[in-house]
Amino acid sequence: MTERRRGAARSEAARIAVLEATAELFAERGYDHLTIEGIAAEAGVAKQTIYRWWKSKSELVAECLFEGRLLPVDLPPPDTGDIRNDLTAWLDALFRFTDAPENGGLVRSLVIVAAENESVGRQLDASLGVSTLLTTRLDAAAETGDLPTGTPLKEVVDALIGVVMVHVLQRTPAAPGAAKRLVSLLLP
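A quick note: this is a predicted structure, and the numbers were derived from the prediction, not measured.

1. Section: the overall build of the chain
Scanning the chain for helices and strands turns up 10 helices and zero strands. Sequence-ordered secondary structure for the chain, helices as α and strands as β, is α-α-α-α-α-α-α-α-α-α. Taking all 188 residues of the chain together, the buried fraction comes to 40%. Of all intrachain contacts in the chain linking residues separated by at least 6 positions in sequence, the fraction that spans at least 24 positions is 72%. As displayed, the chain has an accessible area near 9900 Å², and 54% of this comes from carbon and sulfur atoms. The average position of the 20 basic charges and that of the 26 acidic charges among the side chains of the chain differ by 6 Å.

Here it is in C-alpha cells:
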C-alpha cells in the first residue's frame, strides 16, 4: 500500500501514532472532516512526515482499514448449515451496525474513500473480503444442495453488498424483517 520515499527513515512509533490518530479522528469526524493537519497534531508529528509516507488522505485511511483499525464488525456470514437463515442473520447484524449513529458515518466515509480512489476500492474489497466470504458461503450451500443448481452466486453476492451500501447511503433504519424479505427475494 505505502511505498518507500526519499527522506528520513520511517519511524515505526510515528507510523503507529499516525494510524491511531487517523482511526480516532476518522471515527469521530468522518472522512469529509478528516484533515492531514488534524492527524499530524493528534499524532504529534509534522504534516510533512505524513505526506512523506502516504500520498493522500484516502491512502492513509485505507492503510488504517487494512490493519483492522477502523471497522469493528465481524464480516464473515455464519455457517449453521442453513444458508437462508445465515444470510438473514448476517444482514440483520450489518443493518444493526450501520443503523447505529456512530457507525453509519464511518461506513459512508469508507464508501467515499473507495469511490475517490479506484485502487483503494479494490484493496478495500480484497482486505475486507466480504465478496469472497459471501461467495465461499454460497458455494458451500450450492455444493450441499441448499441452493438450486444454477443459482447466480456472483449476482446474489453483488445484490447483498449493494443493498447494504444503499441502506447506508439512504440513512434510514432497516425496516423490521428487511433482511429476511431480501434473502427470500434473492434465494426463494
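2. Considerations on helix α1 (residues 12-29)
When the terminal C-alpha atoms of α1 are compared, their 25 Å separation across 18 residues agrees well with the 26 Å that a helix rising 1.5 Å per residue should span. G30 sits one or two positions beyond α1 and adopts a positive phi of about 85°.

3. Concerning the pattern of salt bridges
The final tally for this structure, using the stated rule, is 10 salt bridges. Residues R15 and E63 are paired through a salt bridge, measuring 3.0 Å at the closest nitrogen-oxygen approach. Of this pair, R15 sits in helix α1 while E63 sits in helix α4 (residues 57-66), and the two are 48 residues apart along the sequence. For the pair shown, R15 and E63 are each scored as buried. The salt bridge partner of D86 is R137, with a shortest N-O separation of 2.6 Å. Remark: R137 occurs in helix α8 (residues 130-143) and D86 occurs in helix α5 (residues 83-99); sequence separation between them is 51 residues.

4. Observations regarding the packing of α5 against helix α9 (residues 153-170)
One can describe the packing of α5 onto α9 by two numbers: an axis separation of 10 Å at closest approach and a directional angle of 20°. Between α5 and α9, the angle is such that the two are roughly parallel. You can see that α5 and α9 cross each other, and the crossing is right-handed. Contacts between α5 and α9 involve L87, W90, L91, L94, F95, T98 and D99 from the former and L160, V163, V164, H167 and V168 from the latter. By residue class, the composition of the contact of α5 with α9 is nine nonpolar, two polar and one charged.

5. Observations concerning the confidence of the model for the chain
Averaged over every residue, the pLDDT of the chain is 85; the share at 70 or more is 92%. Per-element confidence in the chain ranges from a low mean pLDDT of 74 for helix α7 (residues 118-128) to a high of 96 for helix α2 (residues 36-43). Contacts of residues 1-7 to residues separated by more than four positions or lying in other chains number 22 contacts, the stretch itself having pLDDT below 50.

6. Describing α8
A rise of 1.5 Å per residue sets the reference length of α8, with its 14 residues, at 20 Å; its end C-alpha atoms lie 20 Å apart and thus fit the reference within 8%. All of the buried residues along α8 are V130, S131, L134, R137, L138 and A141. The buried residues of α8 occupy an angular sector of 140° when the element is viewed end-on, so they sit on one face. Facing away from the buried side of α8, by more than 90 degrees, are the exposed residues T132 and E143. Following α8 by one or two positions, G145 has its phi on the positive side, about 85°.

7. Section: unusual backbone geometry
Excluding glycine, residues mostly carry a negative phi; peptide bonds, for their part, are mostly trans. Despite not being glycine, R171 has its phi angle at roughly 60°, a positive value. Along the chain, R171 falls in the loop between α9 and α10 (178-186).

8. Focus on the packing of aromatic side chains
Overall, the coordinates contain one aromatic pair when judged by the stated rule. Judged by centre distance (6.0 Å) and plane angle (75°), the ring pair of W53 and W54 falls under edge-to-face. Taking the relative accessible area as the measure of exposure, W53 reaches 6% and is therefore buried.

What counts and how
Residues numbered from 1 in each chain as written. Predicted model: local features only at pLDDT ≥ 70, side-chain atom pairs only at ≥ 80, totals over all residues. Heavy atoms only, no water. Helix = DSSP H or I, 4+ residues; strand = E, 2+ residues; numbered from the N terminus. Buried < 20%, exposed > 50% of the residue type's maximum accessible area, 1.4 Å probe, protein only. Contact = heavy atoms within 4.5 Å. Areas by Shrake-Rupley, 256 points an atom, 1.4 Å probe, with all protein chains shown as cover. Lys, Arg positive; Asp, Glu negative; His and termini not counted. Charge placed at Lys NZ, Arg CZ, Asp CG, Glu CD. Expected span 1.5 Å × (residues − 1). Salt bridge = Lys/Arg side-chain N within 4 Å of Asp/Glu carboxyl O. Axes fitted to C-alpha atoms, helices over the stretch in contact; angles between N-to-C directions. Parallel < 35°, antiparallel > 145°, perpendicular 65-115°, else oblique. Left-handed = near helix turned anticlockwise from the far one by under 90°. Nonpolar A, V, L, I, M, F, W, Y, C, P; charged D, E, K, R; others polar. pLDDT = per-residue confidence, 0-100. Arc of directions from axis to C-beta. Phe/Tyr/Trp six-rings, centres within 6.5 Å; stacked < 30°, edge-to-face > 60°.

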